Amino acid sequence: MILYSLRGELDQEQFKALSEKLLGRRFRNPVPAQGRVSGYLFISSNHLNRVAQLVLRGVDGAWQVPVYLPVPELQGYRLPQATELYAPQEIVDTDVEGLRRLLYQLPCCTTDAKGKERGDPLNLVLVGQASDVHYALARRGWHSVEKNYLQSAEKTLKSFLFGDRYPYSPVSPLYFFGRKQDYALQKARSNITQRNHLRLWLTPWTVKGKPVWVGQVSRDIGVHMTSKSPIFFTHKINPDVDEDRNYLMEDLILTEQVERIGYISGLGDSSAAHPRSNLTGDSYYTDGLRAVIFLGSHKNAVFLQPEHRLQLLDWDHAPKTLEPRHIDTVR
């Protein structure tokens, strides 16, 4: 990418010299047993965060080591540690069934800053170390967005009015646990009015040491004017929020990092004929289930050896009175 961008500014000798210099400093692969190698990794610059994967192979198998680095010049989100948000006595470690009981206690939806008005539904739960969450989402094209501040609002408005590319446009704040999202990502599509949004909140719970993240995922299908936004317009979400929940589940399964999947009730069902609405008046409907996804570092797919096969949690299922839109996890 560096060479390509400078190709028109360098003569042939300069281009050759720079090429040799950069190639001479690259990270050399493979690394011999008991060897040591240093060098540069050249990767895409189109993300708020740099992600690379190292695969260490030995006699007993292979180990995947994700490397994740934020870009300091952009004011993006980072995934926090539980000790930054909770007192030690608030952090609870449990098992899978214990998590199930805790998830039944969750409210259905996000709220406004005062906690009075209901926002978008909390339709997702991720269980995994921060590095595994980072890496799995980045592999599927999800990347962090900028936080809301004056310059990003200006860039968002300019992108909307003139069609300029702005892949890191911020998302509006929604609240859970009395605070706005701890982490926000998006998967950009053709323009700023059409994006997939993902917000995550770190809970005080862990499952055998793995953090639990509660999330909200939705898809933008346009924009509309509203007095509830500081820039007087906001995105309109796809009313079938289950479609976006299932899209994310399918996206993560493709990373082969998913260990378990299932669903748990708690949203309350609604239909297209009798939808609910969020803080900005967008209608949505749902089968009432939130996806639960356990992430690991190793490959876990449907057709692998039993110890690395994706497991299905036989928890809750869509009400029979609604047309099921969830992924069938019944064996």
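As the structure is a prediction and not an experimental result, all values here were calculated from the model.

K.L.:
Quick one: what's the story with a nonpolar patch on the surface, residue by residue and with numbers?
P.N.:
Side chains of Leu41, Leu54 and Leu56 sit close together on the surface and give an oily, nonpolar patch of about 260 Å² of accessible area. Within the secondary structure layout, Leu54 lies in strand S1 (residues 49–58).

K.L.:
Provide a residue-level description of the nonpolar core, including the pertinent values.
P.N.:
Of all hydrophobic cores here, the largest spans 33 residues; its most connected members are Leu198, Leu200 and Ile293. Elements with a contribution of two residues or more to this core: strand S6 (124–127), helix H5 (130–139), strand S10 (183–188), strand S11 (195–207), strand S12 (210–225), helix H7 (241–253), strand S14 (258–265) and strand S17 (289–295). Not counting residues up to four positions away in its chain, the partners in contact with Ile293 are Leu124, Val125, Leu126, Val127, Met249, Leu252, Val258, Arg260 and Ile261.

K.L.:
So, the pairing of S17: which residues are in play, and what are the values?
P.N.:
On any regular strand, side chains alternate: one points to one face of the sheet, the next to the other face. For S17, the buried fraction is high: seven of the seven residues fall into the buried class. Burial of S17 is two-sided: the residues Leu289, Ala291, Ile293 and Leu295 facing one way and the residues Arg290, Val292 and Phe294 facing the other way are all buried. Bridge count between S6 and S17: four bridges; the pairing is parallel. Paired with Val125 across the bridge in S17 is Val292. Where S14 meets S17, seven bridges bridge the pair, whose relative direction is antiparallel. Looking at S17, one finds that Val258 is bridged to Leu295.

Reading the values: the criteria
Residues numbered from 1 in each chain as written. Predicted model: local features only at pLDDT ≥ 70, side-chain atom pairs only at ≥ 80, totals over all residues. Heavy atoms only, no water. Patch = residues over 30% accessible without salt bridge, like charges linked within 9 Å, V, L, I, M, F, W, Y side chains within 5 Å. Areas by Shrake-Rupley, 256 points an atom, 1.4 Å probe, with all protein chains shown as cover. Salt bridge = Lys/Arg side-chain N within 4 Å of Asp/Glu carboxyl O. Helix = DSSP H or I, 4+ residues; strand = E, 2+ residues; numbered from the N terminus. Core = buried A, V, L, I, M, F, W, Y, C linked by side-chain atoms within 4.5 Å. Buried < 20%, exposed > 50% of the residue type's maximum accessible area, 1.4 Å probe, protein only. Contact = heavy atoms within 4.5 Å. Pairing = 2+ DSSP bridges.

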